[in-house]
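Structural description and commentary
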Protein chains: 2
Amino acid sequence: MLEEVKHAIQDDYPDDFSHCYGCGRLNKKGHQFRTGWDGEQTVTAYKPAPEHTAIPGFVYGGLLASLIDCHGTGSASLALHRKNGHDPGDGIEAPRFVTASLEIKFTKPTPQDVTLKAVGTIEEIHPKKFKVTTDVYAADEHCASGTVTAVVMPDSFGKQ
Amino acid sequence: MLEEVKHAIQDDYPDDFSHCYGCGRLNKKGHQFRTGWDGEQTVTAYKPAPEHTAIPGFVYGGLLASLIDCHGTGSASLALHRKNGHDPGDGIEAPRFVTASLEIKFTKPTPQDVTLKAVGTIEEIHPKKFKVTTDVYAADEHCASGTVTAVVMPDSFGKQ
């Protein structure tokens, strides 16, 4: 099972947009999720910390929500970046997305002490808007599924 | 604006179920969300830490998802506890819920350095299943809305 993403889209986010607690490579206290291609799908692998419990032995829902959220924006960025002729690691800054909506179904308690794998499928619904459907596995167990609608970050973001 | 919940349902969760990173009073590293009644509605107030950024100045979506999630299970617990004749602080253990599904719409970037307030409305859809509709405000700004379907934690939870 994939335990690490070599070329992550988050490595190519502009510095100013790399402070997200979920996926910012410059946020030292955050999860630093890394999202990359796996064929035509996308993948983020993450091992929760011991404190990320719901009840002892199981992962809390907020971590899964954060994983699905950032995996969604990262996947949308991967898709638009590829459409523009680029892949992570080629030195070109990647587009940054924000989440418009997030839906999650928790199908099974998620065991702790296992690397989680989010696997995403991307659909373009508008040149600046992508829908990412994600399944989260703990080893081979399917634990949650989610849908993110991600839109290109407006220029005004942060200036309101 | 309410900045603190005096009688929180999380104070009455059994110790074994009080380790949630979002709302467990015994999780020293977690958010320790506290959810209580405000008339017929429920409220959770929380001030994000400086590292909980999306981009600098704004709160990341995963924190909002975690807040809406735990506010939802806490609200469902408040409702069932009241239906059983109890309120937080009366010394009776409260029922613990888990999240079946979570839906969030992010309506506006959520400013940092402000206490967030989640306000919930509860609907019983089955004796063991509640739907909680939540709005999140930063000061008076509406930033997100969410729906949680929460179910009474099965006896088997954690024993699988």
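Rules used in this analysis
- Residues numbered from 1 in each chain as written.
- Chains lettered and ligands numbered in written order.
- Predicted model: local features only at pLDDT ≥ 70, side-chain atom pairs only at ≥ 80, totals over all residues.
- Heavy atoms only, no water.
- UniProt positions renumbered as here; feature names shortened; annotations may be inferred.
- Helix = DSSP H or I, 4+ residues; strand = E, 2+ residues; numbered from the N terminus.
- Phe/Tyr/Trp six-rings, centres within 6.5 Å; stacked < 30°, edge-to-face > 60°.
- Buried < 20%, exposed > 50% of the residue type's maximum accessible area, 1.4 Å probe, protein only.
- Lys NZ or Arg CZ within 6 Å of the ring centre and 35° of its normal.
- Core = buried A, V, L, I, M, F, W, Y, C linked by side-chain atoms within 4.5 Å.
- Contact = heavy atoms within 4.5 Å.
- Pairing = 2+ DSSP bridges.
- Least-squares fit on C-alpha atoms with pLDDT ≥ 70 in both.
- Buried area = accessible area lost by both parts, 1.4 Å probe.
- Salt bridge = Lys/Arg side-chain N within 4 Å of Asp/Glu carboxyl O.

Per an unreviewed UniProt entry, chain A goes by PaaI family thioesterase and derives from Virgibacillus kekensis.

Details of the UniProt feature "domain: Thioesterase" (unreviewed entry) in chain A
Feature annotation in UniProt assigns "domain: Thioesterase" (unreviewed entry) to the following positions: residues 57–142 of chain A. The distance separating the terminal C-alpha atoms of residues 57–142 of chain A is 16 Å; by composition the span is 27% helix and 38% strand.

Some words on the packing of aromatic side chains
For the coordinates displayed, the defined rule picks out six aromatic pairs over all chains. Between A:Tyr60 and B:Tyr21, the aromatic rings sit 5.0 Å apart at their centres with planes inclined by 40°, giving tilted as the arrangement. Residue A:Tyr60 is found in the loop between strand 2 (41–46) and helix 1 (61–83), and its partner B:Tyr21 is found in the segment before strand 1 (35–38); the two belong to separate chains. In this structure, A:Tyr60 and B:Tyr21 share a single accessibility class: buried. Across the ring face of A:Trp37, the terminal group of A:Arg82 is positioned such that the distance to the ring centre comes to 4.0 Å.

Concerning unusual backbone geometry
Within the chain, A:Gln32 stands out as a residue other than glycine whose phi angle is a positive 50°. Following the sequence through the fold, A:Gln32 ends up in the segment before strand 1 (35–38). Under the relative-accessibility criterion, A:Gln32 is labelled partly exposed at 34%. Positive phi outside glycine occurs at B:Asp113, with the angle close to 65°.

Some points on the nonpolar core
Formed by 68 residues in total, the largest nonpolar core has its most connected members in A:Leu102, A:Ile104, A:Val136, B:Leu102, B:Ile104 and B:Val136. Once residues lying within four places of it in the same chain are set aside, the contact partners of B:Ile104 are A:Ala100, A:Ser101, A:Leu102, B:Ala65, B:Ile68, B:Ala144, B:Ser145 and B:Gly146.

Details of the pairing of strand 3 (residues 97–106) of chain B
Extensive coverage of strand 3 of chain B is indicated by the burial of seven of its 10 residues. Examined bridge by bridge, strand 3 (residues 97–106) of chain A and strand 3 of chain B share five bridges and lie antiparallel to one another. The residue bridging A:Ile104 from the neighbouring strand is B:Leu102, located in strand 3 of chain B. Relative to strand 6 (residues 141–152) of chain B, strand 3 of chain B runs antiparallel, the two sharing nine bridges. Residue pairing across strands places B:Val98 opposite B:Val151, the latter belonging to strand 6 of chain B.

Quick look at the relation of the copies chain B and chain A
Taken as rigid bodies, chain B and chain A are interconverted by a rotation of 180° and an axial shift of 0.0 Å, the fit giving an RMSD of 0.0 Å. Here the two chains are linked by the operation of a two-fold rotation axis. Residue B:Glu103 of chain B places its C-alpha closer to the rotation axis than any other residue of that unit, at 2.2 Å. Residue by residue, 100% of the interface of chain B is reproduced at the interface of chain A, so both copies engage with the same surface.

Quick look at the interface of chain B and chain A
Taken together, the contacts link 37 residues of chain B with 37 residues of chain A. Between chain B and chain A the total buried area reaches about 2,900 Å² when both faces are included, carbon and sulfur atoms providing 65% of it. A per-residue breakdown of the area chain B buries against chain A is headed by B:Tyr21, B:Glu51 and B:Ile55, which together make up 19% of the total. Between the two partners, chain B and chain A, sit one salt bridge.

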